[in-house]
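Descriptive analysis of the structure
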Amino acid sequence: VDEDTYLLGQREVAEAFDAFQGPLCFFGHTHLPGCWELDEASHALRWIGMEPEVWMPLRPGCRYLANPGSVGQPRDRDNRASFMTCDMRRKRIRLHRLDYDWDAEAKAILAAKPDFARTTAEVRGLLEKQFPDREDISIDDMIARIKQAVGKKGKLPCTLIVLDEVQQYIGERAERSKAVQDV
């Protein structure tokens, strides 16, 4: 399994489950907090969006891939930092959210790269602009853009850039994941 693969679609998630033993594995990269649950008896696979500060039980007969989210640059439009705690004795996990110090981040960016922006407010605006709301584009429009990008005489121009945008677009919405897989 490629450690840089985004675990968003069921195919990638199934491959990740095959790559580890045990009931629980944490992963990142997508900046989307929640977890995948695999029911080993029925082979049913589902995404579970987690509510902050609520313990989620790890069910017997199931395995989990859990994503604690991110500290900065969230993809779920919640600007707070997210992380998880795990209690294997009681077989449960919990998502936590904390306010994120955007001003400190902006000041650090300006200290490292003074020409990035003029003010801390402009830094935040530029960072937020990189990740517009996923609702800005319809499924039909997104599929058309994917076909446009990858349908050039069998070649795959800009595929890596497109796929990064696709993972942001899909988010937790199963119908979007299915539509993209069908391309």
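Above this text is the structure in question.
Residues numbered from 1 in each chain as written. Predicted model: local features only at pLDDT ≥ 70, side-chain atom pairs only at ≥ 80, totals over all residues. Heavy atoms only, no water.

Some points on the side chain of Ser82
Its location among the elements puts Ser82 in strand 6 (residues 81–87). Overall, Ser82 belongs to the buried group, its relative accessible area being 5%. For Ser82, the contacting residues outside a window of four places in its chain are Pro33, Pro68, Gly69, Ser70, Val71, Leu95, His96 and Arg97. (Helix = DSSP H or I, 4+ residues; strand = E, 2+ residues; numbered from the N terminus. Buried < 20%, exposed > 50% of the residue type's maximum accessible area, 1.4 Å probe, protein only. Contact = heavy atoms within 4.5 Å.)

Some remarks on the pattern of salt bridges
Within the structure shown, the criterion is met by seven salt bridges. Notably, a salt bridge pairs Glu37 with Arg59, separated by 2.9 Å at the nearest N-O pair. Pair noted here: Glu37 is in strand 2 (residues 34–39) and Arg59 is in the loop between strand 4 (55–57) and strand 5 (62–67), with a separation of 22 residues, a long-range link. For Arg59, a relative accessible area of 38% translates into the label partly exposed. One salt bridge connects Arg92 with Asp87, and the closest N-O pair in it is separated by 3.3 Å. Exposure remark for Arg92: the relative accessible area of 18% places this residue in the buried category. Residue Asp87 is classed as buried on the basis of its relative accessible area of 14%. (Salt bridge = Lys/Arg side-chain N within 4 Å of Asp/Glu carboxyl O.)

Observations concerning the nonpolar core
By size, the foremost hydrophobic cluster in this structure holds 12 residues: Leu24, Cys35, Ile48, Met50, Met56, Leu58, Cys62, Tyr64, Ala66, Met84, Ile93 and Leu95. Listed by contribution, the elements that provide at least two residues to this core are strand 5 and strand 7 (92–98). When residues of this core are assigned to their parent elements, the largest contribution, three residues, is made by strand 5. Ignoring sequence-local partners within four residues, the contact set of Met56 consists of Cys35, Ile48, Met50, Tyr64, Lys91, Arg92 and Ile93. (Core = buried A, V, L, I, M, F, W, Y, C linked by side-chain atoms within 4.5 Å.)

Concerning the environment of Tyr64
For Tyr64, the position within the fold is in strand 5. For Tyr64, a relative accessible area of 0% corresponds to the buried category. C-alpha of Tyr64 to C-alpha of Leu45: the two residues are 19 residues apart in sequence and 9.7 Å apart in space.

Details of the environment of Ala117
Looking at where Ala117 falls in the secondary structure, it is placed in the loop between helix 2 (102–112) and helix 3 (120–129). For Ala117, a relative accessible area of 10% corresponds to the buried category. Taking C-alpha positions, Ala117 is 9.3 Å from Ala106, a pair spaced 11 residues apart along the chain. The contact partners of Ala117, leaving out residues within four places of it in the chain, are Leu110, Glu122, Val123 and Leu126.

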